[in-house]
Amino acid sequence: MRAVGAGHVLFALGFAVVGAIGLAAHDFVLSQQPVPAGIPWRETLACASGALLLVTAVGLLVPRAARLAALVLAAYLLLWVLVLELPRAVANPQVVGYWLGVGEDLTLATGGWIIFCAIAGRNDSSVRAARVLFGLALLPIGFSHFYYLKETVALIPSWLPFRSFLACLTGAAHIAAGSAIALGIAPRLAATLEAVMESLFTLIVWVTAVITAPTHREGWVNLFISTALSAAAWAVAESFRDQPSAFARSNDPSS
């Protein structure tokens, strides 16, 4: 198993807390899990989901269990995309919010896969495919900042100036980073900047929300799912760590 990176640790922390909250609440607590209200055995499934998130997240930090835990968690996150998010987005392509859900869940699933590959010591075509999908997943996230500008501005704490500008700037940054990663244009830099921005968003928006309303469950859930989203970006950036830059390759006499 390779050295544990920041993305690995934050991913585990984010899903451990979210899983624990879901288990305690006997409910699906994530907007990223749009499970229909009338589904049979909903409470049982919610508890099973929370337990799965908690167990696999803790397992990520146990060397002997980390590989299996990462594989199961990545597969479960991909299931969210394929079963919960993508069908409703395809059925209602005009609804930007549904594509936002696809984008958020896909960044989590690809981040989970890249963490699994890092643990397993893999650097194959599946890693490269996951990076491209991660980049593409950022595009609807960025576009949603413009389409839902009023809602995005409302998330930004009132003590920050130029909130509309910041909402548009971060939306454009998501799109720019996603395009660069998907197209392989300075992808490590793009992924690192995306991770920094996601982390700042987590600290500024959701830590503020929790401080403002510490008893609201939704704020805590959003804080730690945002932590996991940031972690996915850090994992993508870290996946380029052992890959030489284009400049280094062009100056390598053996190439």
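Residues numbered from 1 in each chain as written. Predicted model: local features only at pLDDT ≥ 70, side-chain atom pairs only at ≥ 80, totals over all residues. Heavy atoms only, no water.

1. Some points on the overall build of the protein
For clarity, the cut-off: Labels follow the DSSP assignment, with helices taken as runs of H or I lasting at least four residues and strands as runs of E lasting at least two, numbered in each case from the N terminus. Two things to know: the radius of gyration comes from C-alpha atoms, and the globule rule equals 2.2 Å times the number of residues to the power 0.38. The cut-offs for exposure are 20% and 50% of the maximum accessible area for each residue type, with area from a 1.4 Å probe on protein chains only; residues under the lower value are buried, those over the upper are exposed, and the others partly exposed. Note on contacts: a residue pair is in contact if any heavy atoms of the two residues lie within 4.5 Å.
Within the protein, the secondary structure is distributed over 10 helices and zero strands. In sequence order, the protein lays out its α and β elements as α-α-α-α-α-α-α-α-α-α. For the protein, the C-alpha radius of gyration of 18 Å lies close to 18 Å, the compact-globule estimate for 255 residues. Across its three principal directions, the C-alpha atoms of the protein cover 60 × 45 × 40 Å. Across the 255 residues that make up the protein, the buried fraction comes to 45%. Intrachain contacts of the protein at a sequence separation of at least 6 include 69% that bridge at least 24 residues.

2. Describing the environment of Glu194
By the element assignment, Glu194 lies in helix 8 (residues 187–212). Glu194 gets classed as buried once you look at its relative accessible area, which sits at 1%. Along the backbone, Glu194 and Trp234 are 40 residues apart, and their C-alpha atoms lie at a distance of 8.2 Å. With near-sequence residues (within four places) excluded, Glu194 lies in contact with Leu138, Ala173, His174, Ala177 and Ala233.

3. Considerations on the pattern of salt bridges
Once their charged atoms are close, side chains differing in charge can pair, the charge on each being opposite to the other. For clarity, the cut-off: Think of a salt bridge as a Lys or Arg side-chain nitrogen and an Asp or Glu carboxyl oxygen that are within 4 Å of each other.
Scanning the model with the defined rule gives three salt bridges in all. We note a salt bridge from Arg42 to Asp27, for which the minimum N-O separation is 2.8 Å. In this pair, Arg42 sits in helix 2 (residues 42–59) while Asp27 sits in the loop between helix 1 (6–25) and helix 2, placing the two residues 15 residues apart along the sequence. In this structure Arg42 comes out as partly exposed when scored by relative accessible area, which is 22%. Across the salt bridge formed by Asp124 and Arg122, the nearest N and O atoms sit 2.7 Å from each other.

4. Describing the nonpolar core
Basically, it comes down to this: Grouping buried Ala, Val, Leu, Ile, Met, Phe, Trp, Tyr and Cys residues that are joined through side-chain atoms within 4.5 Å yields what is termed a nonpolar core.
In terms of nonpolar packing, the biggest core is built from 55 residues, with Phe11, Phe15, Leu60, Leu77, Trp80 and Leu108 touching the most fellow members. Mapped onto this core, the elements with two or more residues apiece are helix 1, helix 2, helix 3 (63–91), helix 4 (96–120), helix 5 (125–147), helix 7 (163–183), helix 8 and helix 9 (217–239). Looking at this core element by element, the count peaks at 12 residues for helix 9. Those residues in contact with Phe15, other than ones at most four positions away along the chain, are Leu53, Leu54, Ala57, Leu73, Leu77, Trp80, Leu108, Ile225 and Ala228.

5. With respect to the packing of aromatic side chains
What counts is decided by this rule: Stacked, tilted and edge-to-face are the three classes assigned to paired rings of Phe, Tyr and Trp, where Trp is represented by its six-membered ring and a pair needs centres within 6.5 Å; plane angles under 30 degrees give stacked, over 60 edge-to-face, the rest tilted. By definition, being over a ring means that NZ of Lys or CZ of Arg is both within 6 Å of the ring centre and within 35 degrees of the ring normal.
For the structure shown, the criterion picks out seven aromatic pairs. Ring centres of Phe11 and Phe15 lie 5.1 Å apart, and the angle between their planes is 70 degrees; on these two criteria the pair is classed as edge-to-face. With a gap of four residues between them, Phe11 and Phe15 both fall in helix 1, about one helical turn apart. In this structure Phe15 comes out as buried when scored by relative accessible area, which is 0%. Of the aromatic side chains, those joined through ring pairs into one cluster are Phe11, Phe15, Tyr76 and Trp80. Positioned over the ring face of Phe240 is Arg131, at 4.1 Å from the centre of the ring.

6. Thoughts on the confidence of the model for the protein
Threshold: A residue's pLDDT is the predictor's confidence in that residue, given on a scale from 0 to 100.
Considering every residue of the protein, the mean pLDDT works out to 91; 93% of them sit at 70 or more. Considering only residues more than four positions removed or in separate chains, one finds that residues 244–255, a stretch of pLDDT under 50, has three contacts.

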